[in-house]
Amino acid sequence: MRKDLEKMAPIYLLFLAILPLTLIPNPALGENKSLIQNPPLYLVYDVTYAGGKIAEVDFAESRPYSYKGQKVRDIDCRIESSGLFNLNGRYLSIVADDYSVVYFRSDEGQPGNKRIIEYHFDYKKEGVTIIDNRIKGADTISTTSYIENINKKYFDTVSMIFRVRQGIDTLKAPAYIPIFMEGRQDSILIDSVSEVQTLGRNGEMVDAFLIKMKLPYPPYPGFGDRIEIYISKDQDHVPLRGRIQMALGYMELNLRQP
């Protein structure tokens, strides 16, 4: 189980959406640097399993800026493990107004033993270029591949949650959201949307939407294919809590109290 947990960092990104962008190279940074500082949305979450904290997740969404002739924004995520587990990772999405992904970069591992993958989407040419860099000590092995027939707008596992949050007031179920996950085209099923109460940002019970999702396949052995996300029903629509099904119970992601 420990090895499975060490591999599952990207799965946190399915829970919800949302560090300043100084640690990870950003291909758009030079175009409008002043607009990317002091992100308007910045949230911190604690990840727990079996009653113990195993990681911290920070999410930030930037202000809009210009990139390759269109208005975009960044969604940046950092995962830092606690205790015995190595769950560290950094994930950057550049997204359009509808949160469809234009560029995605994942940076996982430790210095001297890292894997960095970049996805460059070109919807006009209906293709995506994938650059995979594996760093071992002083050596880097880089491979480039190209996927054709990208004939619809796709979301990554971070921007998908932003898309749900953006349209939560009118979201109906069942619905399928196209995602690009693990280097392939797929979709996530929005199984149900209901109104509930859950713990809010200030420790009080608040009205919220509960969105239940089904993954196209279990991400790793020991995991299920069910995701639950709680989003506040106020005008901010803040992701408050998330859960992913495990063989025994749930792994939970909870918004840290101020």
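Residues numbered from 1 in each chain as written. Predicted model: local features only at pLDDT ≥ 70, side-chain atom pairs only at ≥ 80, totals over all residues. Heavy atoms only, no water.

## Considering the confidence of the model for the protein
Looking at the protein, pLDDT values average 78 and 79% of them are 70 or higher. Averaged pLDDT values over the elements of the protein bottom out at 39 in helix 1 (residues 2-7) and peak at 93 in strand 8 (residues 127-136). (pLDDT = per-residue confidence, 0-100. Helix = DSSP H or I, 4+ residues; strand = E, 2+ residues; numbered from the N terminus.)

## Some words on the pairing of strand 7 (residues 113-122)
Across eight bridges, strand 6 (residues 101-110) lies against strand 7 in antiparallel orientation. By the bridge assignment, Tyr103 is partnered in strand 7 with His120. (Pairing = 2+ DSSP bridges.)

## Overview of the pattern of salt bridges
Once their charged atoms are close, side chains differing in charge can pair, the charge on each being opposite to the other. Applying the stated criterion across every chain, the model contains 17 salt bridges. Among the salt bridges present, the one from Asp46 reaches Lys53, with a minimum N-O distance of 3.2 Å. The buried category is assigned to Asp46, whose relative accessible area is 19%. Glu252 is paired through a salt bridge with Arg243; the nearest N and O atoms lie 3.9 Å apart. The burial state of Glu252 is the same as that of Arg243; both residues are buried. (Salt bridge = Lys/Arg side-chain N within 4 Å of Asp/Glu carboxyl O. Buried < 20%, exposed > 50% of the residue type's maximum accessible area, 1.4 Å probe, protein only.)

## As for unusual backbone geometry
That bond from Ala173 to Pro174 is cis: its omega, 0°, falls within 30 degrees of zero. Secondary-structure assignment places Pro174 in the loop between helix 2 (159-166) and strand 10 (175-181). Of note, Tyr99 is a non-glycine position whose phi angle comes to about 70°, a positive value. Here Tyr99 is to be found in the loop between strand 5 (89-95) and strand 6.

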